[in-house]
Amino acid sequence: MTLMTKLLGAAAGLALSAGAALAEPALIFDLGGKFDKSFNEAAHNGAQRWADETGGTYREIELQSEAQREQALRRFAEAGANPVITMGFAMADPLSAVAPDYPDTKFVAIDVTWLDAPNIRQIGFAEHEGSYLVGMMAAMASESDTVGFIGGMDIPLIRHFGCGYAQGVKAVNPDATIVANMTGTTPSAWNDPVKGSELTKSQISQGADVIYAAAGGTGVGVLQTAADEGILSIGVDSNQNHLHPGKVLTSMLKRVDVAVYDAMKAGEAVETGVFVLGLAEEGVGYALDENNASLVSAEMQAMVDEARAKIISGELEVAAYYTNDSCPALDF
Amino acid sequence: MEKMPRWADVVLIPLISLILAAAISAVVILAIGEDPVAAVRLMVDGALGSTYGWGYTLYYATNFMFTGLAVAVAFHARLFNIGGEGQAMLGGLGVALVALYVPWPHWSFALIFAVAGAALFGAVWAAVPAYLQARRGSHIVITTIMFNFIAAAVLNYVLVNLLRPAGSMDPASARFPEAVHLPTLHEMLAPFGIAFSKAAPANVSLLVALLACLLVWLLIWRTRLGYEIRAYGHSETGALYAGISPFKITMIAMIISGALAGMMAINNVMGEAERLVLNATEGAGFIGIAVALMGRSHPFGVFLAAILFGFLYQGGAELALWTSIPRELIVVIQALVILFTGALDNMVRMPLEALFLRLRKRRA
């Protein structure tokens, strides 16, 4: 009996040290799944880039249920994964429960900035600043003076996107009309291209000729229909310009891929604390490549870059929806 | 005379259906280049091989017991309640209001009132379609499924605009106070010297679910009301002739059904998350339909089927964690089980019935 326990103990010790020696990073995708062409896929791209460059391997899981959030965190932490990278604000609460139990494991939380724990690297993005810039571009590209916004679900994060966008639109054209819709109220709202397409048609019938989609996989339908109907669209999170060359005005970049890549590169030594990546840190921005070069005039680019410089220097402040749960430019 | 013995109906048909589902799943796993034997071993080991696995399996099973019972009770009155999802969502709201706004001295009081709150909210949400069915003839399948979407919209509005604590971006209520924390199986079994995994979310609501199974059995087979519900389910005109009011039975069966679905929230909202999140029910209301079908609407069958689906959920999670089998495939495996036990029931039943009839003839 004692021999058995000793053996088991030794085996467990071995397993533990093996885990510590490996210390693979782990990546937990949110419910949207890793190929959502947007938020989660950006993380996947960053992780893949790290794996290709270093030859390293990492563990990953695509969550299927709420109860798995805490489960996946604990399982990866117990298996010795370090750092454990999580995607999305919904991981905040499970993290606050799990992180103190594994003080030697570093956690990296994307889209979380309000936790108080010494072993979490919390990364937020100033989405309103990036959205402001693409809002300006939308207003300049619009001929009908009506632009659209299609969000995933009516939650604070998406209002935050919409709010920055609306401010950008109004900054260029105070009389512009902004048509805003949310896709749905269930998680399928993040992955419903058909509904995205219907909303796009509805907004076109209301006069919109540039539509910004901040709706995860739903945005694929928005971009598709906008291209089919001959109007412009704006992608989100990843650079989506290439999906319909010449039809996507720009994409609001949220460099989740860079954040994930940096965290994996730093490995166990990753610095913890709260980091908000805005225009200055190039955490957000607008995409310009050969696919949309013909759509963005020199004048447009100059104006946007000027605004960008002003925001970085602090001369221009874009109101964040979070500050007091309201938006000066758009009602939800 | 029955076409085949009862044991064949209750045990053999689900078993054969399961084996068929497993066989096709194995083919699918082979087709994507993974080892089906290793996958099954990982699922069994991950879901049943440790108290940790059991803790998750039983946690999911508790959810499915409530929603399965909810569908089963309505089935007995031949009402197809596919609104369990929405009723459970609203039940969550009831639990959250009880847990957040009343200073409870002890979790046991909180649990009793949370059960009441969850049951009340779920029952009210089911009562509206029931009334529309009984008085206006609006088909209950259509109305209950539409009420799921309304429930999601209501919950979205309440969480984003009313219950969300200031400063949080997460559309969820505040964490419930420590006093309403339900004991997990770890805490319940520790005094008896049984070391149950600390991380697993299974909690005292499992006992409530078991109690609910027993009460539903008593209700359906041992009370006058249960008799009336079954009589109405077998023949509406016959029940009417016997003096049973269709309005009354429709309302009562759906209210009980909705209350049971709502009570699921004490497990997932109060027991596991300890706060109300947007996506709290995550399809358990729909799984309840499969559970009730597979369990032949009998509380003990529902109990067994709920454990099976708990196993599929937890085993599926382990597959997702440790193999490269994509999560879509795990959904495929779960869907195959539902397909064979629910929709393709007659495919197994008819040949079996014919077989038993032939055997009997030969003996005669």
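No experiment lies behind these values; they were computed from the predicted model shown.

Here we come to the overall build of chain B. A tally of regular secondary structure across chain B gives 16 helices and 0 strands. Taken against the 2.2 N^0.38 rule, which gives 21 Å for 364 residues, the C-alpha radius of gyration of chain B at 21 Å falls within 12% of a compact globule. A fraction of 77% describes how many contacts in chain B between residues 6 or more apart in sequence connect residues 24 or more apart.

Here we take up helix H8 (residues 218-229) of chain A. All names here are of chain A. Its 12 residues give H8 an end-to-end C-alpha distance of 17 Å, which sits within 8% of 16 Å, the value for a rise of 1.5 Å per residue. Looking only at H8, the buried set comprises Thr218, Gly219, Val220, Gly221, Val222, Leu223, Thr225 and Ala226. Elements in contact with the buried residues of H8: strand E6 (146-153), strand E7 (177-184), helix H7 (193-205), strand E8 (210-214), strand E9 (232-237) and strand E10 (248-254). Two residues or fewer after H8 comes glycine 230, characterised by a positive phi angle close to 80°.

A word on unusual backbone geometry. What you tend to see is this: most non-glycine residues have negative phi, and most peptide bonds are trans. Cis peptide bonds are those with omega within 30 degrees of zero, and the linkage from A:Asn82 to A:Pro83 qualifies with -5°. Mapped onto the secondary structure, A:Pro83 falls in the loop between helix H3 (67-78) and strand E3 (84-87). Unusually for a residue other than glycine, A:Asp237 sits at a positive phi of about 70°. One non-glycine residue, B:Ser297, adopts positive backbone phi at about 60°. With respect to the secondary-structure elements, B:Ser297 resides in the loop between helix H13 (284-294) and helix H14 (299-322). By C-beta crowding, B:Ser297 is classed as buried, having 21 other C-beta atoms within 10 Å.

Counting 221 residues, the largest nonpolar core has A:Ala138, B:Leu69 and B:Met263 as the members making the most contacts within it. By residue number, the principal contributor to this core is helix H3 (residues 51-76) of chain B, which donates 17 residues. Shared between two domains, this core holds at least three residues of each, these being domain 1 (15-125 + 259-266) and domain 2 (127-253 + 297-324) of chain A. Those residues within four positions of A:Ala138 in sequence are excluded, and the remaining contacts are A:Val147, A:Val169, A:Val210, A:Tyr212, A:Ile234 and A:Leu249.

With that settled, consider the pairing of E9(A). For a regular strand, the rule is simple: side chains alternate between the two faces of the sheet. Residue and element names in this part refer to chain A. Of all 6 residues that make up E9, 6 are buried, and the element is covered over most of its length. For E8 and E9, the ladder comprises 3 bridges, and the chain directions are parallel. The residue bridging isoleucine 211 from the neighbouring strand is serine 233, located in E9. In terms of handedness, the path from E8 via H8 over to E9 forms a crossover that is right-handed. One ladder, built from 5 bridges, connects E9 with E10; its direction is parallel. Bridged to isoleucine 234 within E10 is threonine 250.

What follows concerns the environment of B:Phe121. All names here are of chain B. Relative to the elements of secondary structure, phenylalanine 121 occurs in helix H5 (residues 107-136). Using a count of 28 C-beta atoms within 10 Å as the deciding quantity, one classes phenylalanine 121 as buried. Taking the C-alpha atoms as reference, phenylalanine 121 lies 29 Å from phenylalanine 311; in sequence the two are 190 residues apart. Every residue in contact with phenylalanine 121, bar those within four places of it in the chain, is listed here: Leu90, Gly91, Leu93, Gly94 and Gly262.

Moving on, we get to the pairing of strand E5 (residues 120-125) of chain A. Residue and element names in this part refer to chain A. Counting buried residues along E5, 6 of its 6 residues qualify, which places the element largely inside the surrounding structure. A two-sided burial pattern is seen for E5, the buried positions comprising Ile120, Gln122 and Gly124 on one face and Arg121, Ile123 and Phe125 on the other. Pairing analysis gives 4 bridges linking strand E4 (residues 107-110) to E5, with the strands arranged parallel. Bridging from a neighbouring strand, phenylalanine 107 pairs with isoleucine 120 of E5.

To continue, consider the domain arrangement of chain A. All names here are of chain A. Segmentation of chain A into domains returns domain 1 (15-125 + 259-266) and domain 2 (127-253 + 297-324). The centre of domain 1, based on its C-alpha atoms, is set 29 Å off from the matching centre of domain 2. Domain 1 puts 10 residues into the contact, and the matching count from domain 2 is 13 residues. Ranked by the residues each element gives to the side of domain 1 that touches domain 2, the list is headed by helix H2 (residues 39-54), at 3 residues. Within the side of domain 1 that touches domain 2, the residues separate by chemical class into 5 nonpolar, 2 polar and 3 charged.

Counting from both sides, the interface comprises 25 residues of chain B and, opposite them, 25 residues of chain A. For the side of chain B that touches chain A, the elements supplying multiple residues, two or more each, are H3, helix H6 (140-163), helix H12 (265-273) and H14 of chain B. Here the residues of the side of chain B that touches chain A are counted per class, giving 16 nonpolar, 4 polar and 5 charged.

Further remarks concern the sheet that holds E8(A). Residue and element names in this part refer to chain A. Reading across the sheet, the 6 strands line up as E7-E6-E8-E9-E10-E12 and stay open at both edges, with mixed pairing between neighbours. Two strands bound the open sheet, and with one partner strand each, they are E7 and strand E12 (284-286). Taken over all neighbouring pairs, the strand axes of this sheet differ in orientation by 15° on average, direction set aside. In this structure, E10 lies alongside E12, joined through 3 bridges in antiparallel fashion. Its bridge partner being in E12, methionine 252 is matched across the sheet by tyrosine 286.

All names here are of chain A. Spatially, the 6 strands line up as an open sheet ordered E2-E1-E3-E4-E5-E11, and their pairing is parallel. Two strands close off the open sheet at either side, each with one partner strand: strand E2 (59-62) and strand E11 (273-277). Neighbouring strand axes in the sheet, compared pairwise and without regard to direction, differ in orientation by 15° on average. Judged from the 3 bridges that link them, strand E1 (residues 26-29) and E3 form a sheet pairing that is parallel. Looking at the pairing, isoleucine 28 lines up with threonine 86 of E3.

About the thresholds
- Residues numbered from 1 in each chain as written.
- Chains lettered and ligands numbered in written order.
- Predicted model: local features only at pLDDT ≥ 70, side-chain atom pairs only at ≥ 80, totals over all residues.
- Helix = DSSP H or I, 4+ residues; strand = E, 2+ residues; numbered from the N terminus.
- Rg over C-alpha atoms; globule rule 2.2 N^0.38 Å.
- Contact = placed C-beta atoms within 7 Å.
- Expected span 1.5 Å × (residues − 1).
- Buried ≥ 20, exposed ≤ 12 C-beta atoms within 10 Å, placed from the backbone.
- Core = buried A, V, L, I, M, F, W, Y, C linked by C-beta atoms within 7 Å.
- Domains from an automatic or database assignment.
- Pairing = 2+ DSSP bridges.
- Right-handed = clockwise from strand over helix to strand, strands pointing away.
- Nonpolar A, V, L, I, M, F, W, Y, C, P; charged D, E, K, R; others polar.
- Axes fitted to C-alpha atoms, helices over the stretch in contact; angles between N-to-C directions.

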